[in-house]
Amino acid sequence: MQPMDPNQIQLNSEGRLKHFLTTEGLSKELLTEIIDTANSFISTQERSVKTVPLLRGKTVVNLFFENSTRTRSTFELAAKRLSANILNLDIARSATSKGETLMDTLWNLESMYSDMFVVRHADSGAAHFIAQHITPNVAVINAGDGRHAHPTQAMLDMLTIHREKGAFENLSVAIVGDILHSRVARSQVYALKTLGCQDVRVIGPNTLIPKDIESLGVRAFNNMQQGLKGVDVIIMLRLQKERMQTALLPSESEYYRLYGLNTDKLAYANPEAIVMHPGPINRGVEIESAVADGPQSVILKQVSNGIPMRMAVMAMAMGGQNQEQTLQEQNSEGAK
Ligand code: NCD
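How each quantity is defined
- Residues numbered from 1 in each chain as written.
- Predicted model: local features only at pLDDT ≥ 70, side-chain atom pairs only at ≥ 80, totals over all residues.
- Heavy atoms only, no water.
- Helix = DSSP H or I, 4+ residues; strand = E, 2+ residues; numbered from the N terminus.
- Buried < 20%, exposed > 50% of the residue type's maximum accessible area, 1.4 Å probe, protein only.
- Lys, Arg positive; Asp, Glu negative; His and termini not counted.
- Salt bridge = Lys/Arg side-chain N within 4 Å of Asp/Glu carboxyl O.
- Polar contact = N/O pair within 3.5 Å; in protein donor to acceptor, adjacent residues only side chain to side chain.
- Contact = heavy atoms within 4.5 Å.
- Near = heavy atom within 4 Å.
- Areas by Shrake-Rupley, 256 points an atom, 1.4 Å probe, with all protein chains shown as cover.
- 1 Å grid on protein atoms, 1.4 Å probe; cavity = no way out; pocket = protein on both sides within 12 Å on 5 of 7 lines; lining within 4 Å.
- Sits in = over half its atoms within 2 Å of the grid points.
- Nonpolar A, V, L, I, M, F, W, Y, C, P; charged D, E, K, R; others polar.
- Domains from an automatic or database assignment.
- Points joined across faces, edges and corners; volume = space filled by probe spheres on them.

## Concerning the side chain of Asp115
- Within the secondary structure, Asp115 sits in the loop between helix 4 (102-110) and strand 3 (116-121).
- Despite being buried, Asp115 has no salt bridge partner; Lys58 is the closest side chain of opposite charge, sitting 4.4 Å away.
- Reaching out from Asp115, the side chain makes a polar contact with the backbone nitrogen of Thr59 at a distance of 2.8 Å.
- Not counting residues within four places of it along the chain, the set of residues in contact with Asp115 comprises Gly57, Lys58, Thr59, Asn137, Val138, Ala139 and Met318.

## Digging into the site of the ligand
- For the ligand, the set of nearby residues contains 13 residues, the closest of which are His150, Arg183, Arg238, Pro278 and Gly279.
- Here Arg238 contributes a side-chain N or O atom positioned 2.7 Å from an oxygen atom of the ligand.
- In the environment of the ligand, an oxygen atom lies 3.1 Å from a nitrogen or oxygen atom belonging to the side chain of Gln240.
- Here the ligand has 320 Å² of accessible area as a free molecule, and 94% of this is covered by the chains.
- More than half of the atoms belonging to the ligand lie within 2 Å of the grid points that define the largest pocket.
- Breaking the shell around the ligand down by element, the ones donating at least two residues are helix 3 (70-81) and helix 7 (183-194).
- Tallied by class, residues from the shell around the ligand come to three nonpolar, five polar and five charged.
- Looking at the shell around the ligand, you find at least three residues from each of domain 1 (6-149 + 304-334) and domain 2 (151-298).

## Thoughts on unusual backbone geometry
- Cis geometry is adopted by the peptide bond preceding Pro280, which originates at Gly279 and carries an omega value of -5°.
- Relative to the helices and strands, Pro280 resides in the loop between strand 9 (274-276) and helix 11 (289-292).
- Within the chain, Ser83 stands out as a residue other than glycine whose phi angle is a positive 70°.
- Residue classification places Ser83 among the partly exposed residues on the basis of a relative accessible area of 23%.
- Of note, Tyr113 is a non-glycine position whose phi angle comes to about 60°, a positive value.
- Relative to the assigned elements, Tyr113 resides in the loop between helix 4 and strand 3.
- Take Tyr113: its relative accessible area is 71%, and that puts it in the exposed class.

## What to know about empty space enclosed by the protein
- On inspection of all chains with the given rule, the structure shows two cavities of 30 Å³ or more.
- The computed volume of the largest cavity comes to approximately 70 Å³.
- Taken together, the elements giving at least two residues each to the lining of the largest cavity come down to helix 3, helix 6 (151-165) and helix 12 (299-335).
- Tallying contributions element by element places helix 12 first for the lining of the largest cavity, with four residues.
- Residues that form the lining of the largest cavity fall into these classes: three nonpolar, five polar and two charged.
- Two domains share the lining of the largest cavity, each providing at least three of its residues, namely domain 1 (6-149 + 304-334) and domain 2 (151-298).
- What the second largest cavity holds in volume is close to 30 Å³.
- Around the second largest cavity sit Ile179, Ala185, Arg186, Val189, Val202 and Ile213, which together line it.
- If one sorts the elements of the lining of the second largest cavity by residue count, helix 7 sits on top with three residues.
- In the lining of the second largest cavity, the residues fall into five nonpolar, no polar and one charged.

Set out below in structure tokens:
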């Protein structure tokens, strides 16, 4: 069976976002609009009064079936700063732990007049599945599904790169580490390529690089010295041990020796290069403290940018949902 085109689910009939499930297949125009919208929210976040009324009266439900600190709290703050009501569901205490199916939980929440679900789930494809099975006027935002996608993280990273480095076309970007288990890396590669970045590299041991990665237009390296040569942006990834089924690593200390970013390895990159990490960082496993806390690190700026970016995609998806509903009402009026 052919997998369904994700844009048949996440775009409305006018080509606007109505869910945000993946960066794969979205146009350059739409990705640029998401970045521009997030940029316009940054100034609101620097004011003493940070709220705007765009989602006033709307109800957002944070549904995190997997742990999270940054993503969950920045989604909550973003919803509040858009003036929405937000319900944080404590999944560990919810009825799913009493045997209720995922869809039953969601149908109950939908019956409470929810307008948006922000979903994180350990299964790849969970957010798509939910978007296809709930009532059409609830927007679904993917906050990370298995190894598949983490589109808001990728877009806050694009916002950070854009603010630090300007245009994407002439940048060299290296993504380092556990590419195989990383939903962040996959979403970043799609976004970077669509935004026009010519030189995207992935660096890691062969066991942590997907076999078909070069078909996405990126170059794979096993050696940090070669892979980091002259890059403008370094994105470090955490070793996602909770997603590894077999021993894919010799040892943590060996990994750090070969792929851990320290000041010596950072020197292979462009002297102006920025260092990024989606968090949580593991000091001494993939990154040295001197680099994580050093002058080239923008790791905490990424966290700050998470709020305006999440405000942008929530506002755009809600706008797309409202537009779709209006179009459908007009069509049914016309048919009478
Ligand atoms: C990432 C995730 O959960 O996929 N973190 C995040 O959302 N900030 C990356 C990770 O877990 O390493």
